[in-house]
Structure formats: structure tokens, C-alpha cells
Amino acid sequence: MSIVLGPHQYGKAENRIVRVYRDSPRHEIHDVNVSTALRGAFDPAHLVGDQGAVLPTDTQKQTAYSYAKEKGLTSIEKYGLELGTHFVDDVEPVSGARIEIEEYAWERAVVDGAEHDFAFVRKGQEVRTAAITVEGKGDEQKTWVVGGLKDLVILKTTGSEFHGFLKDEYTVLQPTSDRIMATSLVAKWRFITPTEGGATGAAAWEGFDWEGTYAGIKQTMIEVFATLHSLALQQTLYEMGKAVLERFPAIGEVRLSAPNKHHFLYDLSPFGVANDNEVFNADDRPYGLIQASVLRSDAPDAGPAWDIAGGFA
Ligand SMILES: O=c1[nH]c(=O)c2[nH]c(=O)[nH]c2[nH]1
């Protein structure tokens, strides 16, 4: 038996970068949280404390901020591709990079009925996410892009049933043909990396409509949630993922994670008051947790696309 160093990576986590575009009086803002992780020939740093190959995490931070100006920071997927490919292409000991990004949306303040040029209100809605993985240099380079969102809280007051389930001696749940369905959705979608033209890295995605795709996928999932008469949250998730794949050829797989935010009918009978699906107790825990992946049968191999933070906590 001997003790060996296993997989390792290092980087600067949670760089809070706010990029303001002020080229016109109507400013734009992008508010992000960027984590970098580099993989490569860093064994000596761990084994003997030799930093010769180690690009400091501080340098990674400086690069992340500088790229917000040099390359621009509009679509987080594009920015992540540029940052990730830079580390792998331009820093000799780096053979792979993982860039994880969250974006917090702001909307314009409304003053006298008009959108303000430079005052914003933080949107209480979902957080947009991206995870970019880069492996290998030059012609051998491969990139994987996962877009997504989290904390999208959605609820419908009817159009949801749950019955016909398996029962055993511990089953007390009553079937229902009309219930509230609510969740705080986490969705991630894996893009199919374009291969035409032989371009690799960020160049392979040149001109891709990241913004339109994000808005379209979010809208598609909301529409399915609203319009599908649901027999279970499992069915709703599958149909959401299926609709995204049908409408967006650039997506190969969708992964959905949905806490079932239970709304229990409150018992008003002690007061002699009927409760016809009008008063509920919004329970916060425990919650059912329904998770599903929906993919094209011919989707390219996922490689390390889903390996959030390389499997480290
Ligand atoms: O949509 C649901 N799926 C379940 O698997 C489940 N289990 C449960 O108790 N309630 C629900 N609802």
C-alpha cells in the first residue's frame, strides 16, 4: 500500500463581479458570481510545496475581473467560455478548467411610468446559472456548456392531481384530484457543442444566441407547468424537459430538480367552516424531491459536463 494524490483542482471561488455598460446614458448592468477551478500539472504543489506551476488564485481573480472589461460580460455562457479557454490555452501547466457562474438579474426602476436609465431594482426571481468545462489544448480541445436556472418559484392553484399511487401499511396519504402544485425549480440544460467548421473552444460558439435561448427555455418550462394538467410532479418535469428539447435543437439534455412544496388543505371543520380548496398550510419541510433527466437518445456523450466542481464539495 502507498498513499497517492488523487484528482485535484484549485481556483478562486465566488468572485462577485458587477459589470456596468455606460456607453450611453441608458446603462446596462450584469451582476455575477464567478468561480474558477484549474486542473493540470499541480502535483508538486501538493506533494512538496513547489509553486512553480501554480498560477495564483489571486491571478485567476484578476483575470476574471479584467475579462469583464476586455472581453465583455453580457451572456454568462460566452464569458465563461472565454475565461475557461484562456486559462487552458495560455497557461502552460493548465490542462482543464471549470468555470461556474451565477447571475443575479436587475430590472429598471420605473419612475413616473418610465424605465429609469441607471436605477435598478433587484429581481426577486430566478438565478441564472452556467457551468463551462474546458479540457485539452489546441485541436484536441473540448468544451462543454451547461446553462440553467435555480430558485424559479412557480405555483398553480389547480390543474394538478395525485392518485392511484402504490399503498402499503404505512400509507396514509389521501388521493387528490385537485391540489396546489408548487416548486422552486432547478433546471440545467446541456448544450450540444457545435462541431462544424472544425472550430474549438469559444470560437465554436461564435454568434450563438445565448440570451434568446435562455429566455425561450425559461418561458417554455413555465408554459408547460401552467398548461399541462398534471397527474404528478414527475410527469410535469418530464413534459417540461421534453418541450425544451423539441423547441431547442442546440440542447441535448435537461436535468430538473424540483422540491414538491406541499400545500396542505387546512382543517377548518372545528369552526364549522367548509374549506373548498381555499385555505392551505404552506409547509416548508419535509418536502418531496423529484429529480429527472430528459435527453435525446442520440445526445453526444456528457463527458465531464455535469461534474459540478469536479465532484468536490
Ligand atoms: O407529484 C407527486 N409525486 C410524488 O411522488 C408524490 N408523493 C407524495 O406524497 N406526493 C407526491 N406528489
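One can find the structure itself at the top, above this paragraph.
Just so it is clear, the structure is predicted and the values come from calculations on it, not from any experiment. (Residues numbered from 1 in each chain as written. Predicted model: local features only at pLDDT ≥ 70, side-chain atom pairs only at ≥ 80, totals over all residues. Heavy atoms only, no water.)

What follows deals with the site of the ligand. Near the ligand the following residues occur: Phe 162, Leu 173, Arg 179, Ala 232, Leu 233, Gln 234 and Asn 260. Contact between the ligand and Asn 260: a nitrogen atom at 3.3 Å from a side-chain N or O atom of the residue. (Near = heavy atom within 4 Å. Polar contact = N/O pair within 3.5 Å; in protein donor to acceptor, adjacent residues only side chain to side chain.)

Under the defined criterion, the tally for this structure stands at 9 aromatic pairs. Each ring, one from Tyr 10 and one from Phe 42, has its centre 4.9 Å from the other, and the planes form 85°; the classification is edge-to-face. Here Tyr 10 is found in the segment before strand E1 (15-21), whereas its partner Phe 42 is found in the loop between strand E2 (28-40) and helix H1 (43-47), with 32 residues between them in sequence. Residue classification places Tyr 10 among the buried positions, given a relative accessible area of 17%. For Phe 42, a relative accessible area of 2% puts it in the buried group. Aromatic pair Phe 191 and Trp 205: ring centres 5.9 Å apart, planes at 85°, arrangement edge-to-face. One end of the pair, Phe 191, is in strand E8 (residues 181-191); the other, Trp 205, is in the loop between E8 and helix H4 (210-227), with 14 residues separating them in the sequence. The class of Trp 205 is buried, set by a relative accessible area of 4%. Taken together through their ring pairs, the aromatic side chains of Phe 191, Trp 205, Phe 208 and Trp 210 make up a single cluster. Over the aromatic face of Phe 225 sits the side chain of Lys 156, whose NZ or CZ is 5.7 Å from the ring centroid. (Phe/Tyr/Trp six-rings, centres within 6.5 Å; stacked < 30°, edge-to-face > 60°. Helix = DSSP H or I, 4+ residues; strand = E, 2+ residues; numbered from the N terminus. Buried < 20%, exposed > 50% of the residue type's maximum accessible area, 1.4 Å probe, protein only. Lys NZ or Arg CZ within 6 Å of the ring centre and 35° of its normal.)

We now examine the environment of Gln 219. Looking at the secondary structure, you find Gln 219 in helix H4. C-alpha separation for the pair Gln 219 and Ile 154, spaced 65 residues apart in sequence, amounts to 12 Å.

Attention shifts here to the pattern of salt bridges. Across all of its chains, the model carries 17 salt bridges by this definition. What you see here is one network of salt bridges that share partners, running through Arg 26, Glu 115 and Asp 117. (Salt bridge = Lys/Arg side-chain N within 4 Å of Asp/Glu carboxyl O.)

Next up on the list: the side chain of His 30. Following the sequence through the fold, His 30 ends up in strand E2. With a relative accessible area of 14%, His 30 lands in the buried category. Polar contacts involving the side chain of His 30 include one to the main-chain carbonyl oxygen of Thr 74, which spans 3.4 Å. Among the polar contacts listed, one links the side chain of His 30 to the side chain of Glu 103, at a separation of 3.0 Å. Among all residues touching His 30, those that are not within four sequence positions of it are Ile 17, Val 18, Arg 19, Tyr 21, Leu 73, Thr 74 and Glu 103. (Contact = heavy atoms within 4.5 Å.)

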